[in-house]
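Chain by chain, the residues:
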Amino acid sequence: MILLPGLVFILLGKLGRCLEDGGFVFDGDIRHFAVATNSVYVVTNQTLYHLSHDLTLIQSLTQRGILKGDNANDQIFYRHRGSDRDELNATFSVNVLLPFEKNRVLISCGVTDNECGYCELLDLKNISNVEHSELILVGPVTRSSASVAFLVDVESSTKETYILSAKQQREGKSTTSRCSLDPYAVHLHNTDNGQKGGIFSANENAPSPPFNSKDDAEFVDGFQIGSIIYLLSNVRSDTKDSKVRLIWFEGKTSKAQTIQSLRGVSLDISGGGDTGGRLLASSVVPGGPSVLWSGVFSVDGGPDNTELVMFDISPNLDLTPNDDPDFCTNPTCNKEGKANTLKPKKVLFRQNHMTSVLAKRHKSWMIFFIGTGDGQLIKLAVDKNYHTNCPTVLYRADDDRKVLPEMHLDEVDRKHVYVAFQNQMRRIPVSRCSTYKTLQDCLSAQDPYCVWCGAGRCADENECPDSDWVSIPDDYQQKVLSYDVVKDNTDQITLNVRTHLTVGQNALSNFNCHFSVIGSEQFCSDQSPLPQFPRCTCILSDSTIPAEGLNVAVRIRFGISTLLKHLTLMKCTDIRGPPTSVLCRRCIDVGCGWSPNGCSWATARVTNDSVCQTLESGINFAKPEVSSITPSVVSFYGKNHAVLSGHNLSDVTRVRIQTHEGCTPRESPVWNNTGVSLMFHIPRTDIKGVVKVCVLLPDYSCHGNAQITYRSLPSCTSITPSSSWISGKRKITLTGSQLQFVEGVIHRHALEEIRLPLESNSQNLTYHTPAAENTQGISTSTLSLKVANETLDCSINITYYPDPIFTNFTSTRTGQSVRITIQKTADKLGLSPAELSVHGIQEQKLHRCIIESPKNYNQSDFFICEIKSTSDPKFQQLKITYGDQMVTLMNKSLSYLYMLMMLVFLLIPFIIIVVVIVYRIKQKKLTAKMNKHIEDLELDIRNDIRQGFVDLQTEQAELMENVGAIPFLDYKHFASRTFFPENEALLTSCIKDIGQDAVKVQLDECCQGLSRLIQDQLFLTSMVHALEEQKTFTIKDKCALASLLTVALHSNLSYLTEVMEALLKALMQQSGNTQAKMLLRRTESIVEKLLTNWMSICLYGFLRESVGQHLFLMVSALTQHIAKGPVDYVTGKALYTLSEEWLLWQAQDFSTLKLKVLFAVGGDGEVSEPLEVYALNCDTVEQVKGKILSTFKAKFGFPYSNNISEAFIEFEKDGSFVPLEQVDASSEVIQEMTMINTLKHYKVPDGATIKMLSKTTHPSLSRQRSLLDEANFSRKYFHLIDPDVDEDQRMNPERKKLKLKEVHLTKLLSTKVAVHSFVENLFKSIWGTPHGKVPHAVKYFFDFLDTQAENMKITDPDVLHIWKTNSLPLRFWINILKNPQFVFDMEKAEHLDGCLSVIAQAFMDSFSLSDNQLGKHTPTNKLLYAKDIIKFKQEVKAYYKQVRNQSPVTDTEFKAFLQEESKKHVNEFNEAAALREIFKFIQKYFTEIKEKLGQNGAPHELTEQLHHVKSLFDGLKSCSWT
């Protein structure tokens, strides 16, 4: 029904446009908008829009029309229908827009251009259908924020619905209108013709009583709840400050009774009796027994200082009706007095420039959506006790456009809010649950809309199946989990843990808790009560807590979701000392209670750290004073290197930035602290506005009350001039907003060159342009702005033109001065006189020439300037300066002389040229063929370069990240490959087969004796030192012994760590301070290999959980990208690689083929459905088979054939299948070398059908031998790289093309671009810190190195950096990066190894302290990641700093960690085999070991034990060597 007329009016009205991110832009400014079921209605100055609930345009209706009639009161408005031929002369300006869903109409009222009222009833479903129109004024005459209109219901014999319009009364007193206006403030208008008086009438049987205001009243909002009508206004007078008034009406049986039932109060914003301030916007909180209402108030009457205040506005019907000092139902209001005041419940939120608010309830929470004048939509959650959570920003406009006061909820899904700006509307989600990826992040967001589903995602509760979810509680809680420790009279210690969460029914029924302590088999007693949500109770099985405390892991299960928390328990009575704030916090943090007497068990004591704030620190710090922060106004990206000034700042450790109540404060470290000033970084934030700043002392007290204002990001709109000369340094003025925050301007062609602003303010910024990249012709460059640590696109281009060309000048005398005319070739630079500096040179003296405005004539520009310091017009030269360039012009008369001389000199070369031309004509035929050949070569090279450029620019890295299950090796195979990378025999003998690792094997007597012997640290260190002193004990032996010791002592990692530390200390003493930087660089000692193994053991968990996935994705991405191009079967070189050494630059042209592969599934000719496989026409048969088998396994999850040699392929040609083989009788042979067959050789077209068979389905097939197994394989065969033979023997002209290696170097860069995100994610995962902490082993070992450096009096920080780099990245991570087969069940190809070596080198360079000097001779593997390494170095520096600042790992904690690691892998290694191998070394060097024991003063019993072990091993009957 609405399609045809809707189309007509869409064509007539000006269309808006949809935005990609869920918004709509209109043709003009929004006047009003209203929401009905499934529809949104928006009216601008000239168009009415009907949108669906998701802001898709349904119809638009023009508001333009024609006024006909002579008298203003009799004029009739006709809306434009497209057929009227009269000229449009009027606009219907809508001031009231109300959807009346019960009557299915849209009420639209306003005025036409004659200032007379006009109303329409439009069909809600088809706004082009006007059901009624009338010349009547309903609402204000002009668009005003001081007037409101809404629908109300009044109870009579039937429920009647009226329009309540409240307007500022001064409009009714206007004398300029040509139409009669009603002077009263409030009216009730009919909505139906069946009502008394007719539609839109304000009268019933008799005229309605007037409703007047004593003073000027601005109406802000109105609504109805039940039978009570609420009206809110600002009342201003000449003698009093403004006040906010709330008026109640009762929906009585008639309009008159309703108006006369008015009662009112004044709102006390501050709660102190002050009724000042101004209401800007309001929203009632739906639901609840009392009527809660929130208002945005301007505290001082202006737009800046605003507050969100909560009131209970339940009506007080005890007040006398119609007895108000400000409002009355008489023609004039004369009552004196003061209205009752209503105090607020609470000030909920303070934020500058708030303009609108929308309140909703969700569960027990109140949710406030707050719009601001700088374009933000802020969400604030408030609990039933009026405690606010940390506000979040749901939307931020690109500019500072104001959010209009009216907001509505999308009633269809109730998950979006409609927010109106000047000329656009946005539909913004009420939550961003899907952005939170972990349970902890989901709960930390404090968003009542978000729950954590058992399926492992953060979402809305309705999206979680089976009521299996966890969410924040019904009221504000500072922590998700709290605990206390209680000790009763029987010395029984109880740990009480309470969760502050809400859970679904399914999660509630599966609530469970598990307490564990490393090293304790049963931490909780069997008498502990069962978990009862939300409480878990653990009665300690041991009634004593060690002095160093206990680290307790609590795993709380809600359905299938698990929350893990680590708690620290201390013996409360051991926390002693003077009652200071530091001691108090330490007491509270471990679950104890605080009393005036100090720390004690939590029974009936204060367990909230708020009590600690009243205590002194116990340390005499001078109280800091903050006087200023520079800058104090920043963008929400923050600011680096801010300066805080004040007094007594010496003890300040950090600067705290507190955004809002309920938010965790941000803290920034300080540096360059002089006592009166310090530097710190202002962090970025999400909310624009004012934040509080104070400085922290070591006792956690915070002092000062400074402020920082966060504003919008800079934006740029234009530049003047819009061009620059190629040489650069032209002064450019950038225009936009918030440009004072810009720290530098960057041009796209010169990313490394940041141009600092010369001067800047909020709207303008000037800077000098860099030189152009292209020194010939015209080019463009895009601008970017550097703000803090981010770069913003400016979306403005600047054009580079060639430098200005000044051709000559003339000089003439004019009175006492000289007038000089400078001629310049016309260009598009628009050079201004201010950009030029001109000096005339006369007798070696400079004379300044003052320039006038330029003129243009006959394709030339002329600049006229005047020299007043002389009257002599004879100037030999003119010096012209622009930017940093200087041009020297000669006098025109002298130029003629020079030209004559040049002509004479040119005669001789001209004669020579004529001779050469004659000679060349004779040689033309001889050289024609050569020229043609050179052109062909040049064309080939151009095509290669162009293709490389296309590859680089179009590389999208379309690599599959979903690689399925990652084939991790189990721990024992990972460890054995790391321990014995080059010793297959030891690798297989020292690990147990599957099934054996579940059985604990008892060691025989000889192995037990040796095991006890190496458990003696003196013996073991003496043995190591003795063996290392032997010249015949090679590095290979050292590595083997270190790994055998690791296997033998794997069950006692704590002891192994002690031995390693002792050996490292000895090695450090041996190296001394002079050779300190060389320590741990190579594996030249047993302890260095021992350290590698130790790191592998301790970091396996971190490797698998945090790094493994990124490593596998990176390796998979490399493998996939390499497979996109040719790979030489003989040499392994590839076209797509990171290594220049492995670059297949000799590759010819190739194309991709899509093959349909059939798989034989039986011996009688049955085949499978075709499988699409992509291959290259230059692939060998073996390479094609490999791609087919890989595609099959990826598609179906299992291999078609386990061995490529047992798979065969055939090609369907002319209805029959032809076998494809690596080499056959048709293979091309050159001299003695055979070319391996490719798909191109067999002429396999795109879309060809290939059949694959295997020995499983066809046993008669014989196993194919691999060419790679043949002797001298590389001398017999070739693939893509031609053998070194005479070109004339080659029949393929394509292979005669000239190939240059340098042309294909872009392939290295395109490969780097393709996998860069994977490499970057991998690096960040390695030096990332999950949960804010590095692995225990890293922190423990780095602290060990710090201690040894301090003991050795090493103060050079570079030495410590090198030690840490050599021990962790070089010794462990490089090994993993270059050998992914240590971690995954995979094979590593040679060309993949080359790529991994380049990435590993870049990784290692990131830890280097020296800056690499790059040049044209720098290897490509250094150049590839040169720019990235600069950023990586900063991240590494931050990583090392974070490790250093992290709290130390205690010996107890680390021993418990090591014991847990030993338990995880018990019985996985063959300890007996390792011990037997160790004894082989002892037997070989028995005498030397015995002598070393004597030198070290070993007790006699130890030597006897050594002899006893030797005798046991020598007795073959008691100990087998098998």
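Student: Give me the overall build of the protein chain: which residues, what numbers.
Tutor: Looking only at helices and strands, one finds 28 helices and 79 strands in the protein chain. Here the protein chain holds 1522 residues, and the buried ones make up 50% of them. Partitioning the intrachain contacts of the protein chain with sequence separation of at least 6 by distance along the chain shows that 62% fall at a separation of at least 24. A total accessible area of about 73,500 Å² is found for the protein chain, and carbon and sulfur atoms account for 50% of it.

Student: If you had to explain a nonpolar patch on the surface to someone new, which residues and values would you point to?
Tutor: A cluster of nonpolar side chains, F910, I911, V914, V915 and V918, forms an exposed patch at the surface whose accessible area comes to about 470 Å². Classification of F910 by relative accessible area gives exposed; the value is 52%.

Student: Break down empty space enclosed by the protein for me, citing the residues and quoting the values.
Tutor: Enumeration over the complete set of coordinates arrives at 5 cavities of 30 Å³ or more. Within this model, the largest cavity holds a volume of roughly 100 Å³. Lining the largest cavity we find 13 residues, and of these K379, T392, A445, Q446 and D447 sit closest to its centre. Elements represented by at least two residues in the lining of the largest cavity include exactly β30 (376–382) and β31 (392–396). If you tally residues by element for the lining of the largest cavity, the top one is β30, at 3 residues. The class makeup of the residues in the lining of the largest cavity is 7 nonpolar, 3 polar and 3 charged.

Student: I'd like a description of the sheet that holds strand β6 (residues 57–62), backed by residues and values.
Tutor: Taken together, 4 strands build an open sheet; the order of strands is β3-β4-β5-β6 and the sheet is antiparallel. Only two strands of the sheet have a single neighbouring strand rather than two, namely β3 (30–36) and β6. Averaged over all neighbouring strand pairs, the angle between strand axes comes to 15°, with direction disregarded. Pairing of strand β5 (residues 47–52) with β6, which is carried by 5 bridges, proceeds in the antiparallel orientation. Across the sheet, residue Y49 finds its bridge partner in β6, namely S60.

Student: Pulling in residues and values, what's your account of the pairing of strand β50 (residues 654–658)?
Tutor: Only one face of β50 is covered, namely the one carrying V655 and I657; the face carrying R654, R656 and Q658 has none of its residues buried. Direction of pairing for β50 relative to strand β51 (residues 666–671): antiparallel, over a ladder of 4 bridges. In the strand pairing of β51, R656 is matched with E667.

Student: Hey, could you go over the side chain of T799 for me, with residue numbers and the actual values?
Tutor: Among the structural elements, T799 can be located in strand β63 (residues 790–801). The contact partners of T799, leaving out residues within four places of it in the chain, are S722, S723, S724, I778, S779 and T780.

Student: Residues and numbers for the pattern of salt bridges, please.
Tutor: This model, assessed by the stated rule, comprises 44 salt bridges. Note that D447 is salt-bridged to K379, the shortest N-O span being 2.5 Å. With D447 in the loop between α4 (439–444) and β35 (450–453) and K379 in strand β30, the pair connects residues that are 68 residues apart, well separated along the chain. Like D447, the residue K379 is buried in the burial classification. When the shortest N-O distance is used, the salt bridge between E753 and R755 registers 2.5 Å.

Student: Can you explain the packing of helix α19 (residues 1336–1351) against helix α24 (residues 1426–1445)? Please cite residues and give values.
Tutor: Relative to each other, α19 and α24 sit at 80°, their axes nearing to 10 Å. Here α19 is positioned roughly perpendicular relative to α24, judged by the angle of their axes. Only Y1439, Y1440, V1443 and R1444 of α24 make contact with α19, whose side of the interface consists of V1338, K1339 and F1342. Among the residues forming the contact of α19 with α24, the class breakdown is 5 nonpolar, no polar and 2 charged.

Student: Explain the sheet that holds strand β24 (residues 306–312) residue by residue, including any values.
Tutor: Pairing is antiparallel in the open sheet, where 4 strands are placed in the order β22-β23-β24-β27. Of all the strands in the sheet, just β22 (278–285) and β27 (346–350) have a single pairing partner and so form its edges. Direction aside, the axes of adjacent strands within the sheet are offset by 25° on average.

Student: Describe the packing of helix α26 (residues 1471–1484) against helix α28 (residues 1500–1514), with residues and values.
Tutor: Closest axis-to-axis distance for the α26/α28 pair is 11 Å, and the angle between their directions is 115°. Judged by the inter-axis angle, α26 sits roughly perpendicular to α28. Our pair here, α26 against α28, has a crossing hand that is left-handed. Two secondary-structure elements touch here, α26 through R1476, F1479, I1482 and Q1483 and α28 through L1506, V1509, K1510, F1513 and D1514.

Student: Explain the confidence of the model for the protein chain residue by residue, including any values.
Tutor: Of the residues in the protein chain, 88% reach a pLDDT of 70 or more, and the chain-wide mean stands at 84. Taken element by element, the predicted model of the protein chain shows its lowest mean pLDDT in helix α1 (residues 3–12) (38) and its highest in strand β29 (residues 365–372) (96). Here residues 1286–1291 is modelled with pLDDT under 50, and outside its nearest four sequence neighbours on either side it reaches 10 contacts, counting other chains as well.

Student: Explain the pairing of strand β28 (residues 354–362) to me, using residue names and the numbers behind them.
Tutor: Where burial is concerned, most of β28 is hidden: 8 out of the 9 residues are buried. Linking β28 to β29, which pair antiparallel, is a turn of 2 residues; within it K363 sits at a positive phi near 60°.

Student: Pulling in residues and values, what's your account of the state of the cysteines?
Tutor: Under the criterion given, the structure shown has 13 disulfides. Here C524 engages in a disulfide with C538; their sulfurs sit 2.0 Å apart. Judged by the sign of its S-S torsion, about -115°, the bond between C524 and C538 is left-handed. Here the residue C524 occupies a position in the loop between β41 (511–517) and β42 (535–539), and C538 occupies one in strand β42, the gap between them amounting to 14 residues. Classification of C538 by relative accessible area gives buried; the value is 0%.

Student: Tell me what's going on with the side chain of H416, and back it up with residues and numbers.
Tutor: Following the sequence through the fold, H416 ends up in strand β33 (residues 416–420). At a separation of 2.7 Å, a polar atom in the side chain of H416 contacts the side chain of D413. Engagement of the side chain of H416 in a polar contact is seen with the side chain of R427, the distance being 3.3 Å. For H416, the contacting residues outside a window of four places in its chain are H408, L409, D410, R427, I428, P429 and V430.

Criteria and thresholds
Residues numbered from 1 in each chain as written. Predicted model: local features only at pLDDT ≥ 70, side-chain atom pairs only at ≥ 80, totals over all residues. Heavy atoms only, no water. Helix = DSSP H or I, 4+ residues; strand = E, 2+ residues; numbered from the N terminus. Buried < 20%, exposed > 50% of the residue type's maximum accessible area, 1.4 Å probe, protein only. Contact = heavy atoms within 4.5 Å. Areas by Shrake-Rupley, 256 points an atom, 1.4 Å probe, with all protein chains shown as cover. Patch = residues over 30% accessible without salt bridge, like charges linked within 9 Å, V, L, I, M, F, W, Y side chains within 5 Å. Salt bridge = Lys/Arg side-chain N within 4 Å of Asp/Glu carboxyl O. 1 Å grid on protein atoms, 1.4 Å probe; cavity = no way out; pocket = protein on both sides within 12 Å on 5 of 7 lines; lining within 4 Å. Points joined across faces, edges and corners; volume = space filled by probe spheres on them. Nonpolar A, V, L, I, M, F, W, Y, C, P; charged D, E, K, R; others polar. Pairing = 2+ DSSP bridges. Axes fitted to C-alpha atoms, helices over the stretch in contact; angles between N-to-C directions. Parallel < 35°, antiparallel > 145°, perpendicular 65-115°, else oblique. Left-handed = near helix turned anticlockwise from the far one by under 90°. pLDDT = per-residue confidence, 0-100. Disulfide = S-S within 2.5 Å. Polar contact = N/O pair within 3.5 Å; in protein donor to acceptor, adjacent residues only side chain to side chain.

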